[in-house]
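# Report on the structure
For reference, the chains in residue letters:
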Amino acid sequence: MSTSASAASLQVGAAGPPSQSTSGTRPALAAVLLGFFTIMVDAMIVNVALPSIGRGFGSGMTGLQWVVDGYTLAFAAFLLSAGAVSDRIGARQAFGCGLGLFVAASAVCAMAPTLGVLVAARLVQGAGAALVVPSSLSLLRETFPDPTARAKAIALWGVGGSVGAAAGPVAGGLLTLIDWRMIFFVNLPVGALALALLRRARRSPRQEVPFDWTGQVAAVAAMGALTYAVIEAGADGFGTARVLVAFAVAVVAAAVYLVAQARGRHPMTPLPLLRSRTMSLAVAIGFALNVAFYGMIFLLGLNLQQVHGLSALATGVAFLPMTVLTSFMGPVAARLASRLGAQMPVVIGQSLMAAGLLAMVAVPASAAVWLTVVLMVPVGACGAMAVTALTALLLEKVPAEQAGVASGVLNAARHLGGALAVAVFGALVADRTAFVSGLHTSLLIAAATVAVSVVATVLLRTQVPHQIPATADDTRPRLFDR
């Protein structure tokens, strides 16, 4: 459910011509694995440390929301064009730039003197991570021109990401016992080693790829303004001037983005794709799934420490059963799809996810922690199964030349859903005296959102039975899972 490693095997053709030389194969593979592992660890490690960060800066809920959402927003917004950048400057160069940016921002996070500096550095981290994900797959494609060897390399890539996601909460809890700043310092040696290995990889060819500057800037502005408005509305109310202005900026930026995609010479997303019911429904489903997943992670990370009194390490261990099982849900989704049809894993995953969220609402605050740990499993693991199946289902509906773009739009919507979930749910639990009631309200909203997405999945089954037509002049690069 994190940085879309589940779809790795589905998007292997997103780069330029493969290299014919095997020079630097092992260093390139090691660099990619270490870099992607670091990105995935960071995606999960921060939630466990939020209470410690809040105490360190004397920050309330609004500040903690931005620590999470700064990263998620930048990641979602820049995923839309990261593949084009990777093709434009070359996969190895893009991977190095993205990872270098991520590592440098991690150092700033670790030494941040104020919360504002930390949030700004988290934004840069997210932008760097967005560039690492597509370029890592493009680099593997260049490094392994043989399909069999490439498949093995991509499988290792997916395993590395899954291990990183599973290790994130535990590593976060362990490092937070020393100092919360260690969760960012740990990125430095691993990232430096990956960059050193990358120097031994062959330089990637560049391509003449157009870039949609208007669309990219508008996407960043729309997502950022919307999230800012929701977070600040939770703290100050919806009627304040800056909240209203932020909502207005989000609306205008979204309109500019749509106009740029309709009339621009080189849009990031083709208009027929945006207008298709298949794409719209898939985006809605993906959005709902991440509202539930990232919302739950954010809420329970706070709940286990603030209500149940667990340490950061114990909280990380509590997440471990869910994160470990989540890593194995890709093959489960594939088996269910082969036996029951491509739609069923999405329906089953969402249904069990909603059931787990509702069960959490029924659990009293005084209940044993192990019960919460058990109920997290269907929410995380079944959500991951649904995301994997949904990505595969969408890619069946779109032409091959639009597969990467469709996956990019889907995953940007997913991460936007996670960012807005943190914004809304954080406002509901901001009052410590009403934390439990706010927690239950948030979980009910998440369950209802997923329940609605079950209906959308059924609609997806009955709508657009054939592929979305490709535009004749669509020569834009295919983007990997952003």
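If you're wondering where the values come from, they're calculated on a predicted model, not measured in any experiment.

### Re the overall build of the protein
- Check the secondary structure of the protein and you find 17 helices and zero strands.
- Per-residue burial over the protein gives 59% buried out of 482 residues.
- Counting contacts in the protein only where the partners sit at least 6 residues apart, residues at least 24 apart contribute 85% of the total.
- Only carbon and sulfur atoms are counted for the fraction: they give 68% of the accessible area of the protein, which is about 18,000 Å².

### Focus on the packing of helix α2 (residues 61–89) against helix α4 (residues 115–143)
- Relative to each other, α2 and α4 sit at 30°, their axes nearing to 6 Å. In this view, α2 runs roughly parallel relative to α4, as classed from their interaxial angle. For the crossing formed where α2 meets α4, the hand is right-handed.
- Residue classes in the contact of α2 with α4 are distributed as 20 nonpolar, eight polar and two charged.

### Here's the deal with empty space enclosed by the protein
- Applying the stated criterion across every chain, the model contains four cavities of 30 Å³ or more.
- Lining the largest cavity are 16 residues, and of these A43, V68, Y71, T72 and Y294 lie nearest its centre.
- Mapped onto the lining of the largest cavity, the elements with two or more residues apiece are α1 (25–57), α2, α11 (277–306) and α16 (403–428).
- Of the residues in the lining of the largest cavity, the class split is nine nonpolar, five polar and two charged.
- For the second largest cavity, the lining is made up of 16 residues, of which N303, M360, V363, T372 and L439 are closest to its centre.
- At the level of elements, α11, α15 (369–397) and α17 (435–462) are the ones that each hand at least two residues to the lining of the second largest cavity.
- Counting residues per element, the lining of the second largest cavity draws most heavily on α17, which supplies four residues.
- Each residue belonging to the lining of the second largest cavity can be placed in one class, and the counts come to 12 nonpolar, four polar and no charged.

### As for the environment of A451
- With respect to the element layout, A451 can be found in helix α17.
- Here A451 falls in the partly exposed class, since its relative accessible area comes to 39%.
- The spacing of A451 and M353 is 98 residues in sequence and 9.0 Å in space, taken between C-alpha atoms.

### Remarks on helix α5 (residues 147–178)
- Between its terminal C-alpha atoms α5 stretches 45 Å, which fits the 46 Å expected from 32 residues at 1.5 Å a residue.
- Remark: the principal bend of α5, roughly 40°, maps to G168, with a proline, P169, within the next four residues.

### Considering the packing of aromatic side chains
- A complete count under the given rule lists five aromatic pairs for this structure.
- Relative to F184, the ring of W180 has its centre 6.3 Å away and its plane inclined at 90°; by these criteria the two rings are edge-to-face. Grouping residues by exposure puts W180 and F184 together as buried.

### Side note on the layout of surface pockets
- In this model, the second largest pocket occupies a volume close to 440 Å³.
- Around the second largest pocket, the lining comprises 16 residues; the ones closest to its centre are L80, A222, M223, Y257 and L416.
- Elements that contribute at least two residues to the lining of the second largest pocket include exactly α8 (213–236), α9 (241–263), α11 and α16.
- Tallied by class, the residues present in the lining of the second largest pocket amount to 16 nonpolar, no polar and no charged.

### Remarks on the packing of α11 against α15
- Viewed as axis vectors pointing N to C, α11 and α15 meet at an angle of 160°, and their least axial separation amounts to 10 Å. By the angle between their axes, α11 is roughly antiparallel relative to α15. In this structure, α11 crosses over α15, and the sense of that crossing is left-handed. Listed contacts from α15 to T278, M279, A282, I285, G286, L289, F293, M296, L300 and L304 of α11 are V369, T372, M376, V379, G380, A386, V387, L390, L394 and K397.
- Across the contact of α11 with α15, the residue classes break down as 15 nonpolar, four polar and one charged.

### Points about the pattern of salt bridges
- Applying the stated rule across the entire model yields two salt bridges.
- In this structure, D42 engages R122 in a salt bridge whose closest nitrogen and oxygen atoms are separated by 3.0 Å. Linking D42 in helix α1 with R122 in helix α4, this pair joins segments that are 80 residues apart in sequence. Here D42 and R122 have matching classes, each one buried.
- Taking the shortest distance from any N to any O, the salt bridge between R242 and E232 comes out at 3.1 Å. Of this pair, R242 sits in helix α9 while E232 is found in helix α8, placing the two residues 10 residues apart along the sequence.
- Classification of R242 as partly exposed rests on a relative accessible area of 42%.

### Some words on the environment of A221
- Among the secondary structure elements, A221 is positioned in helix α8.
- Residues A221 and A246, 25 residues apart in the sequence, show an inter-C-alpha distance of 9.7 Å.

### Notes on the confidence of the model for the protein
- Within the protein, residue pLDDT values average 81, and 89% of them lie at 70 or more.
- Note on residues 5–22: pLDDT is under 50 here. Beyond four places in sequence and across chains, it has 53 contacts.
- For residues 464–482, every residue scores under 50 in pLDDT, and the model assigns this stretch 74 contacts once sequence neighbours within four places are set aside.

Quick notes on the rules
- Residues numbered from 1 in each chain as written.
- Predicted model: local features only at pLDDT ≥ 70, side-chain atom pairs only at ≥ 80, totals over all residues.
- Heavy atoms only, no water.
- Helix = DSSP H or I, 4+ residues; strand = E, 2+ residues; numbered from the N terminus.
- Buried < 20%, exposed > 50% of the residue type's maximum accessible area, 1.4 Å probe, protein only.
- Contact = heavy atoms within 4.5 Å.
- Areas by Shrake-Rupley, 256 points an atom, 1.4 Å probe, with all protein chains shown as cover.
- Axes fitted to C-alpha atoms, helices over the stretch in contact; angles between N-to-C directions.
- Parallel < 35°, antiparallel > 145°, perpendicular 65-115°, else oblique.
- Left-handed = near helix turned anticlockwise from the far one by under 90°.
- Nonpolar A, V, L, I, M, F, W, Y, C, P; charged D, E, K, R; others polar.
- 1 Å grid on protein atoms, 1.4 Å probe; cavity = no way out; pocket = protein on both sides within 12 Å on 5 of 7 lines; lining within 4 Å.
- Points joined across faces, edges and corners; volume = space filled by probe spheres on them.
- Expected span 1.5 Å × (residues − 1).
- Bend = angle between axes of the 7 residues up to and from the residue.
- Phe/Tyr/Trp six-rings, centres within 6.5 Å; stacked < 30°, edge-to-face > 60°.
- Salt bridge = Lys/Arg side-chain N within 4 Å of Asp/Glu carboxyl O.
- pLDDT = per-residue confidence, 0-100.

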